[in-house]
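# Residue-level structure breakdown
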Amino acid sequence: MSSFLLLMIPILIAVSTFDYLNAKNDLENTHKMLKQQTENNIINAIKLANAGYSLLEKFIDDDLKDAFKIFIDAYLMSGSNPAKIDLFKLKKQLLNNKVDLYIINKQGIVEYTTYTKDLGLDFKQWSDVFTLLQNTFKKMEFTNGGFANEARTGILRKFAYMPTPDGKYILELGLVLDEFKQWTTELDIAKITNRLKTLNPTLHRIRIFSRHGYSLSDTNYKPNPVILETIKNVYKTKIPDEIVDKKRKYYTRYIFVNLKTNNYNLGADPSKVIELSYNTRFVDESLQKIASFHILLSIIAILLCIIFTFIISAWITKPIQSIVNSINIIAGGELEHQITVETNNELKLLKQSIVKMVNSIVAYTNKIKHLNISYSHFVPLEFLRLLEKESIIEVRLGDHVQKRMTILFVDIRAFTTLSETMSPHENFEFINCYLGHVSPVIRKYNGFIDKYIGDAVMALFPCSPDDAIQAAIEIHQQLSLFNQLRQNKNLLPVKIGIGLHIGDLMLGTIGEEKRMEGTVISDAVNLASRLEGLTKMYGTSAIVSEEILNDLTEAEKYHFRFLGKVRVKGKYSSVNIFELIDAEMGDYKNNKIKSKLLFNQAIKTYYQKQFPIALQQFTAILELLPQDKATNFYIKRCQQYIRHGIADNWDGVEVLIQK
């Protein structure tokens, strides 16, 4: 019995030590979790306030555009000579005298302004702002500069830019309103800090800084050079930084808050850097209390162990045999059998029975895995993931999810005529060989096939429309390889059309309890199918909707050609459609790219109802692209309208009565 005690006492000490380490780890993890939650809360508060700025900005931009009209009129009346403009007099006419006027030359230098502190200011010292000015010169249109703190004074302003008609200068308006200060104070960092300190007792202080190091929460605070350099570095790299003060048991984190939006301008980055100071003394004291508690607990446990050892030891081996018999029954498949304790036996029997049960469970699990793999050939795994299901057995009738996705339709042209020349066996071989080239491309670019509709394929791309564009291009490249194989067998080449659209989809299961299938329900799916059909009308390889172009992250990588406005069957509003030129091959693709500007000009002339001129322009394109069906389509339209005229309400929209 003494040997048993010698065994149990080290075990109790080890358990206590292990429990202490777990408690210590839990405390540290809790501290990390509270720290992360604190940082998330302040970041969300800042983003919420920034959303308010964005909402205000939409209302102010219209007033600024109207003010620019007066500014430009004054510039034109001066004979394009800024020196002759009385800016201070003009300032009183604009926005209740709450806006400062700037005239900036192409070198980025402020030549004239009502805000004399900025006279001679050179924007090249701020590369992002200078880039914005250069882009404004290129675009020759109004540019929203957003809200920003002045680099010299820290005053919050709303900036906007407009190039002069002759392109010599950039006109800038810097609007100052008392409301801006009120909006800033509505962030109320003091209240947020107090609330977060209640949730996180280790939190000591919160400060928020602009890109130039101005404190938004405490305007009187000026960071020292080390902190200022840290703030600017975090803003530049967007990587958090940390400063540790071991003597005072403090550490301070600096975190970048990205407030950029899709409409972000380089000259008015609203992003912030937050400073969070934490006190580690609270954690250290808590760890000390935990250690003391576990030492006391270990002493009590050892005493109790000595007292009850004799009582407990007599009952250790009683349940073994009954457990063995019960586990054998459970391993045979009766999982609901209740385990009872009757007699003693060896631990070896228990081990053997447990192994038998585990082997049975493993075999059953493997069977389920293989079954899921087989089902995945019919129901895409991506479909299950979108429904947030781990296995096909979890899917229930009516499960659904709404998500914005890109839809791709690809269809073989004149397949009915082609299939009539083949036997049923040859038809299946042809379809499977063709799909063997097309389907892997869809998976390669993060898409999945929703269904095969005869020779047509409907695919979904949940991540990005860029994936669908890349897939459409490569599908045509694979089709070229497929046609080479057919030509080697003296078979006619195959042509396909692709339609692309993006929109909100309802993806789920329909049917009844004994027979159901996964499907997608959305008007966007119907439109994508109609766009694929339009490839026949315009003689193109791929057509995309304007919504696709608007959602592309790298639209400049591709070549698109505006084909016109159509109203497909079942739709009341018109759709702007574009040809994906990159889906074409060889010289035909290159010639379309070369004639793109000519085609765009001809389309513009066409919609301006100047049909004789448009006819000449389209006819000129035929010299480079004699087989371009879209050009021939518009030539016939121009000839028709020249001969018969157009209706008074003509808007150039092609109304399609067929699907």
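Residues numbered from 1 in each chain as written. Predicted model: local features only at pLDDT ≥ 70, side-chain atom pairs only at ≥ 80, totals over all residues. Heavy atoms only, no water.

## A few points about the overall build of the protein
The test is simple: Strands are runs of DSSP state E lasting at least two residues, helices are runs of H or I lasting at least four, and both sets are numbered from the N terminus onward. Three labels apply to residues, based on accessible area from a 1.4 Å probe with only protein chains included: buried if under 20% of the type maximum, exposed if over 50%, partly exposed otherwise in between. Here, residues are in contact when the closest pair of their heavy atoms is within 4.5 Å. Working definition of accessibility: Shrake-Rupley area with a 1.4 Å probe, residue cover restricted to the visible protein chains.
When helices and strands are tallied, the protein shows 19 helices and 18 strands. Counting only residues that meet the buried cut, the protein has 44% of its 659 residues in that class. Put simply, 62% of the contacts in the protein that link residues at least 6 apart link residues at least 24 apart. About 36,900 Å² of surface is accessible on the protein, with carbon and sulfur atoms providing 56% of the total.

## What about the nonpolar core?
We apply this condition: Joining through side-chain atoms within 4.5 Å is the link that ties buried Ala, Val, Leu, Ile, Met, Phe, Trp, Tyr and Cys residues into a set, and such a set is a nonpolar core.
In terms of nonpolar packing, the biggest core is built from 72 residues, with Ile469, Tyr538, Tyr606 and Phe618 touching the most fellow members. For this core, the leading source of residues is helix H13 (residues 465-488), giving eight residues. Residues within four places of Tyr606 in sequence aside, it is in contact with Phe611, Ala614, Phe618, Tyr634, Arg637, Cys638, Tyr641, Trp650 and Glu654. Core analysis: the second largest hydrophobic core is formed by 24 residues, Leu94, Leu101, Met162 and Leu175 among them.

## Notes on the packing of aromatic side chains
Formally: Side-chain rings of Phe, Tyr and Trp, where Trp is taken by its six-membered ring, are said to pair if the distance between their centres is within 6.5 Å; with planes under 30 degrees apart they count as stacked, over 60 as edge-to-face, and otherwise as tilted.
Counting across every chain of the model gives 25 aromatic pairs. For the ring pair Phe611 and Trp650, a centre distance of 5.4 Å and an interplane angle of 85 degrees mean the geometry is edge-to-face. Note that Phe611 is positioned in helix H18 (residues 611-622) and Trp650 in the loop between helix H19 (629-644) and strand E18 (654-655), a separation of 39 residues in sequence. A residue is classified by how much of its surface remains accessible, and Trp650, at 14% relative accessible area, is buried.

## Some points on a nonpolar patch on the surface
Operational definition: Patch definition: residues with relative accessible area over 30% and no salt bridge; like charges joined within 9 Å; nonpolar side chains (Val, Leu, Ile, Met, Phe, Trp, Tyr) joined within 5 Å. Throughout this description, the term salt bridge denotes a Lys or Arg side-chain nitrogen within 4 Å of a carboxyl oxygen of Asp or Glu.
There is a patch of nonpolar side chains on the surface, built from Leu296, Ile300, Leu304 and Ile307 and spanning about 370 Å² of accessible area. The topology assignment puts Ile300 in helix H7 (residues 281-313).

## Observations regarding unusual backbone geometry
Phi is positive for Asn96, which is not a glycine, with a value near 55 degrees. By secondary structure assignment, the location of Asn96 is in the loop between helix H2 (87-93) and strand E1 (99-105). Residue Asn96 is classed as exposed on the basis of its relative accessible area of 69%.

## A word on the pattern of salt bridges
Applying the stated criterion across every chain, the model contains 15 salt bridges. We note a salt bridge from Glu275 to Arg207, for which the minimum N-O separation is 3.0 Å. Of this pair, Glu275 sits in strand E9 (residues 272-279) while Arg207 sits in strand E6 (residues 203-209); the two residues are 68 residues apart in sequence, bridging distant segments of the chain. No difference in accessibility class separates Glu275 from Arg207, as the two residues are buried. Between Lys592 and Glu584 there is a salt bridge, with the nearest N and O atoms lying 3.4 Å from each other. Accessibility classification places Lys592 together with Glu584 in one group, the buried group.

## Here we look at the side chain of Glu654
Put simply, the rule is: Think of a polar contact as two N or O atoms within 3.5 Å of one another; within protein, one of them needs to be a possible hydrogen donor and the other a possible acceptor, and neighboring residues in sequence only count if both atoms come from side chains.
As for its placement among the helices and strands, Glu654 is situated in strand E18. By relative accessible area, which is 7% here, Glu654 ends up buried. Side-chain polar atoms of Glu654 contact the side chain of Arg637, separated by 2.9 Å. In contact with Glu654, other than residues within four places in its own chain, are Tyr538, Lys565, Val566, Arg567, Tyr606, Phe633, Arg637 and Tyr641.

## As for helix H3 (residues 127-139)
For clarity, the threshold we go by: The span expected for a helix works out to 1.5 Å for each residue beyond the first.
The end-to-end C-alpha distance of H3 is 18 Å, a good match for the 18 Å that 13 residues give at a rise of 1.5 Å each. Of all the residues in H3, the buried ones are Asp128, Val129, Phe130, Leu132, Leu133, Thr136 and Phe137. Of the residues one or two after H3, Met140 is the one with positive phi, at around 55 degrees.

## Observations concerning the confidence of the model for the protein
Do not read the predicted coordinates in detail wherever pLDDT is low. Worth spelling out the cut-off: pLDDT is a residue-level measure of predictor confidence that goes from 0 to 100.
Per-residue pLDDT for the protein has a mean of 80; in total, 76% of the residues score no lower than 70. Per-element mean pLDDT across the protein ranges from 55 in helix H4 (residues 178-185) up to 96 in strand E15 (residues 542-545).

## Remarks on the sheet that holds E9
Selection rule: Strands are labelled as partners when DSSP assigns at least two bridges between them. Lines fitted to the C-alpha atoms define the axes, with helices restricted to the stretch that makes contact. Angles between their N-to-C directions range from 0 to 180 degrees.
As summarised here, the arrangement of the four strands in space is E6-E9-E8-E7, forming an open sheet in which the pairing is antiparallel. At either margin of the open sheet sits one strand with a lone partner, and together these are E6 and strand E7 (241-245). Taken pair by pair, the neighbouring strands of this sheet meet at an average axis angle of 15 degrees, ignoring direction. Helix-sheet contacts for helix H6 (residues 225-237) involve E6, E7, strand E8 (250-257) and E9, and the interaxial angle to E8 is about 40 degrees.

## Describing the side chain of Thr164
Note on placement: Thr164 falls in the loop between strand E4 (156-163) and strand E5 (169-175). A relative accessible area of 0% means that Thr164 is categorised as buried. Leaving out residues up to four positions away in the same chain, Thr164 has contacts with Tyr75, Met140, Tyr169 and Leu171.

## Focus on the packing of helix H17 (residues 596-607) against H19
Applied cut-off: Note on angle classes: values under 35 degrees are labelled roughly parallel, values over 145 roughly antiparallel, values of 65 to 115 roughly perpendicular, and the remainder oblique. Should the near helix be turned counterclockwise from the far one by less than a right angle, the crossing is left-handed, whereas a clockwise turn marks it as right-handed.
Between H17 and H19, the shortest axis-to-axis distance is 12 Å and the interhelical angle comes to 25 degrees. The angle between H17 and H19 places the two elements in the roughly parallel class. Where H17 crosses over H19, the two elements pack in a sense that is left-handed. Mapping the contact onto sequence places Phe599, Ile603, Tyr606 and Tyr607 in H17 and Ala630, Thr631, Tyr634, Arg637, Cys638 and Tyr641 in H19.

## Focus: the pairing of E1
Across the seven residues that make up E1, a large majority, seven, are buried. Burial along E1 is two-sided: the face carrying Val99, Leu101, Ile103 and Asn105 and the face carrying Asp100, Tyr102 and Ile104 are both buried. Across seven bridges, E1 lies against E5 in antiparallel orientation. Bridge pairing links Ile104 to Ile170 in E5.

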